[in-house]
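Chain residues, written in single-letter form:
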Amino acid sequence: MATCQQGCAPVVHLCQKLNRLKTLDDDMMATSLKRCLSTLDLTLMGVGGMVGSGLYVLTGTVAKDMVGPAVIISFLFAGFASLLAAFCYAEFGARIPKTGSAYMFTYVSVGEIWAFLIGWNVVLENMIGGAAVARAWSGYLDSIFNHAIQNFTETHIMQWNVPFLAHYPDLLAAGILVVASFFISFGVQVSSYLNHIFSTISMGVIAFILVFGFMLAEPANWSQKEGGFAPFGLSGILAGSATCFYAFVGFDVIASSSEEAKNPQKAVPIATAISLALAATAYILVSTVLTLIVPWHTLDPNSALADAFFRRGYSWAGIIVAVGSICAMNTVLLCNLFSLPRIVYAMAEDGLFFSIFARVNPITKVPVNAILVFGILMATMALIFDLEALVQFLSIGTLLAYSFVAASVIVLRFQPEKTNSKGTASSSPNPNAETSPAPSESQTITEESGELKQYESFSDKLQLVERQKTRERRGVGQLKAFWEPYLGRVLGNCEPGEVVAFCVLTLIVSSVSLCAVLEFGTKQLHLPVWSFTILLVIFSLAFLLSLGLIWIHEPQTNSKTFQVPLVPFTPGVSILINVFLMMKLSSLTWIRFTIWIAIGLFVYFGYGIWHSKEGMRELQPKDMAARYVVLPSGSLVETVQSVQPDGRVDTSVHQINASTSSTAEEYTGKR
């Protein structure tokens, strides 16, 4: 047995390294960046990040090739899924106002390896998003000049016929990204000012499109003669929703900017809600107008809105739309180039990525190295890849990040808040936030349990020993008092949050299994009806049972910041929808995603795991620690450990009869 334990020790130690959590600083508002963004700034960033090429290009592409006029329903479904994810981002952005978005949230609640992979995918998401918008920006501008730029490039520069690549190098798209990176490097206030200008013009053009477009609307374009409202059926609507999800990915720029917000506790939730509502409304109304102006099957995927007005004989309106589309795409470019370097900066600051990207310019207060390097990489992608391949690859990383953020909300909500030596909650976003209840108020001792409970305060725990037979309110992560008589023997002895963490894992596995059966059960797998039904019932019950077991535990309720409503049901449904949309993506997208994950693992195990600041923190010598252990017999044992720099531990044990408070006072006086 001893040999087995020694052989498993390296594996256990590696697992502990991979799943270590990030330790947050006491002062959550402290930062080397500049806090200067208001609620309006964050809101316009969110709108600018979402309303861009998705509105002017993606709407026409999805309507013509995948959904038809039912693109309205696809956007509605994608907007609802994004709303659930936005709730989770808003809670984390307000509670942990640090840059890094989904990466930071996962690091705090799930573990290091998962945080790195999420951050790695968010980096790819922003690179692809910026490159895709640059390609769309170039295509729109080219369409105004009757594709003269494309023809000149193919004729006088070069063209190629390579699978998965564009037919020609898009020099215009690469050039706009380089120029935008240059402006972003001047500081957050310059970026915000440019975003204000472009967002205002874009919203004015959208208002013009809606008013003038409904005047030109022809309901006959939705008739059966033109193919009907949903020519591709429910399957097309769901597949379109997976692609339309790309339109809403920009709201996470708000969470990425929380470290530069003046008052992130209020600004992040408000900006997220307003920007998502405006973007969803714009997408639904514009897609309605677009499919009513001209028949959906005649749309131009590259410049659908402008082309629709041109074909109706209003060329001047088409020019206005083209100008608005270019301004809107500029806002998306700015948002992608704004959030990407900050995620890279957060990973480098934690030691998981190359330290050169953690440097902040002392004058502009922005990570200039990350901005310039990844701006050039983004320009390179825009140079060689086409728009469709970029958009399909983008959705999978976004959906994965949203799923992990939703899972992190559940895990963190049912975990007791960690306290530092001063007794303040380390995860509290501001110094005035309430700390978690002391263990004497939140934990009880059962007589039938034989395990030892460790505490850090002697006087508080002595009072607990005297009241151990009384029933008190359960602590965070423990069974609710109502369920104690029924499930106490089974789940009562588990550590706070342990059952919830296991249920979250079961929730994810059951969601993947359920969605896989729904998507592939009758088609690729050719399952008979009886087995298809049984599998659906089993995985559905596992999903619902996991939610139920999480719900019967005590959540944190003392936070003064925004909290996701109806936890765990809201993030649970978000996970289910995100996984289902991932299943609707093509197999080629999954292959590309797998290759990117493999590259990320190579980077992590080659660099990140060795330079992690959390790993270095574990190697630092610890001060003397005193803990008090409550025995089942009702006595206390004080264990004093002095951890030496060479790793030796000196331990002394004192046993005290804690049956009366007078004994406690006498012992305390001796100390």
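Per an unreviewed UniProt entry, the chain goes by the name Cationic amino acid transporter 4 and belongs to Channa argus. The UniProt entry for the chain carries the following comment under Subcellular location (unreviewed entry): "Membrane".

What follows concerns helix α21 (residues 529–551). Across its 23 residues, α21 extends 33 Å between first and last C-alpha, which sits within 8% of the 33 Å expected from 1.5 Å per residue. Those residues of α21 lying buried are S531, F532, L536, F543, S546, L547 and I550.

Our next topic: the nonpolar core. With 159 residues, the main nonpolar core has Y56, Y89, Y140, F248 and F353 as its most contacted residues. No other element matches helix α6 (residues 112–144), which puts 19 residues into this core. Mapped onto the domain boundaries, this core takes at least three residues apiece from domain 1 (40–416 + 565–615) and domain 2 (498–552). With sequence-adjacent residues up to four places away left out, Y89 is seen in contact with S101, A102, F105, F251, D252, A255, A401, Y402 and V405.

Once that is clear, we can look at the pattern of salt bridges. In the structure shown here, the tally under the stated rule is eight salt bridges. Notably, a salt bridge pairs E260 with R342, separated by 2.7 Å at the nearest N-O pair. Here the residue E260 occupies a position in the loop between α11 (252–256) and α12 (264–293), and R342 occupies one in helix α14 (residues 315–349), the gap between them amounting to 82 residues. Taken as a pair, E260 and R342 share a single burial class, namely buried.

Applying the stated criterion across every chain, the model contains 36 aromatic pairs. Between F208 and F212 the ring centres are 5.7 Å apart and the planes differ by 15°, which places this aromatic pair in the stacked class. Of this pair, F208 and F212 are both found in helix α9 (residues 188–215), four residues apart, which corresponds to roughly one turn of the helix. Overall, the relative accessible area of 22% leaves F208 in the partly exposed class.

The next thing to look at is the side chain of E614. Note on placement: E614 falls in helix α24 (residues 613–619). What makes E614 buried here is its relative accessible area of 6%. Excluding anything up to four places from it in sequence, E614 contacts R20, L21, K22, T23, Y107 and E112.

Turning our attention to the environment of V603. Residue position: V603 is located in helix α23 (residues 587–611). V603 gets classed as buried once you look at its relative accessible area, which sits at 13%. Along the backbone, V603 and W120 are 483 residues apart, and their C-alpha atoms lie at a distance of 9.7 Å. If sequence neighbours within four positions are ignored, V603 has contacts with F116, W120, F353 and G608.

How each quantity is defined
- Residues numbered from 1 in each chain as written.
- Predicted model: local features only at pLDDT ≥ 70, side-chain atom pairs only at ≥ 80, totals over all residues.
- Heavy atoms only, no water.
- UniProt positions renumbered as here; feature names shortened; annotations may be inferred.
- Helix = DSSP H or I, 4+ residues; strand = E, 2+ residues; numbered from the N terminus.
- Expected span 1.5 Å × (residues − 1).
- Buried < 20%, exposed > 50% of the residue type's maximum accessible area, 1.4 Å probe, protein only.
- Core = buried A, V, L, I, M, F, W, Y, C linked by side-chain atoms within 4.5 Å.
- Domains from an automatic or database assignment.
- Contact = heavy atoms within 4.5 Å.
- Salt bridge = Lys/Arg side-chain N within 4 Å of Asp/Glu carboxyl O.
- Phe/Tyr/Trp six-rings, centres within 6.5 Å; stacked < 30°, edge-to-face > 60°.

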